[in-house]
Amino acid sequence: MFMTPYVKRANSVATFNPFRDLEELERDFFGDNSLEAFKTDIRDDGDAFILEADLPGFKKEDIHIDLQDGGLTISAQRHSEYEQKDKKGNYLRKERAYGSFTRSFDTEGIDTQNIKAAFENGVLTLRLPKRQQPTPISRRLEIE
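Everything quoted here is computed from the prediction, not taken from an experiment.

Undergrad: Explain the sheet that holds strand β5 (residues 99–106) here, please?
TA: Pairing between the strands of a sheet is mediated by backbone hydrogen bonds and can be parallel or antiparallel. The strand order across the open sheet formed by three strands is β3-β4-β5, and the pairing between neighbours is antiparallel. The outermost strands of the open sheet, each flanked by one partner alone, are β3 (63–68) and β5. The mean angle between the axes of side-by-side strands here comes to 20 degrees, regardless of whether they run parallel or antiparallel. Examined bridge by bridge, β3 and strand β4 (residues 71–78) share six bridges and lie antiparallel to one another. In the sheet register, L67 faces β4, and the bridge partner there is L72.

Undergrad: Honestly, the pairing of strand β6 (residues 116–120) in this entry has me stumped. Any pointers?
TA: Within a regular beta strand, the side chains point alternately toward one face of the sheet and then the other, so they alternate between its two faces. Here β6 lies mainly on the outside; zero of its five residues are buried. The sheet contact formed by β6 and strand β7 (residues 123–129) spans five bridges and is antiparallel. Paired with F119 across the bridge in β7 is L124.

Undergrad: I would appreciate a short explanation of the pairing of β4 in the present structure.
TA: Burial analysis of β4 places six of its eight residues in the buried class, the great majority of the element. Where β3 hands over to β4, the hairpin turn is made up of two residues, of which D69 adopts a positive phi near 50 degrees. Pairing of β4 with β5 involves eight bridges; the strand directions are antiparallel. Bridge pairing in β5 places I74 opposite R103.

Undergrad: How do you make sense of the sheet that holds β7 when you look at a structure like this?
TA: Spatially, the four strands line up as an open sheet ordered β1-β2-β7-β6, and their pairing is antiparallel. On the outer flanks of this sheet lie β1 (40–44) and β6, each paired with one strand and no other. Pairs of neighbouring strands in the sheet enclose a mean axial angle of 15 degrees, with direction left out of account.

Conventions we followed
Residues numbered from 1 in each chain as written. Predicted model: local features only at pLDDT ≥ 70, side-chain atom pairs only at ≥ 80, totals over all residues. Heavy atoms only, no water. Pairing = 2+ DSSP bridges. Helix = DSSP H or I, 4+ residues; strand = E, 2+ residues; numbered from the N terminus. Axes fitted to C-alpha atoms, helices over the stretch in contact; angles between N-to-C directions. Buried < 20%, exposed > 50% of the residue type's maximum accessible area, 1.4 Å probe, protein only.

What follows is the structure, encoded as structure tokens:
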């Protein structure tokens, strides 16, 4: 078939990888759900955590960040502009996923009032400042 992705394999015992074969079997049976939960990186930047979420192909207005009940939820929705063409059968293969994608994170220890968000080149970046821990006050008591 024209324009169909493939994996070139060598028929050799030296290239046999049972784990790859099991992953392919799982993907073929259950479908490829790699976009259902988009990928994120979180790093500690000292006074804040930096969360970067890969959301290629999304528009800024299709991404929503909600805070509720001690959690932060990032959701994104991608709409298919080609649903009519799909029904007519004009595609040889369609791999781009459309629909809703969601990830949730615990915000315990985060100053939720000062979270900042930016979206550039398909990457959503959140700056999650750490909640300041109260400094313990110590003093010496006088004995009466």
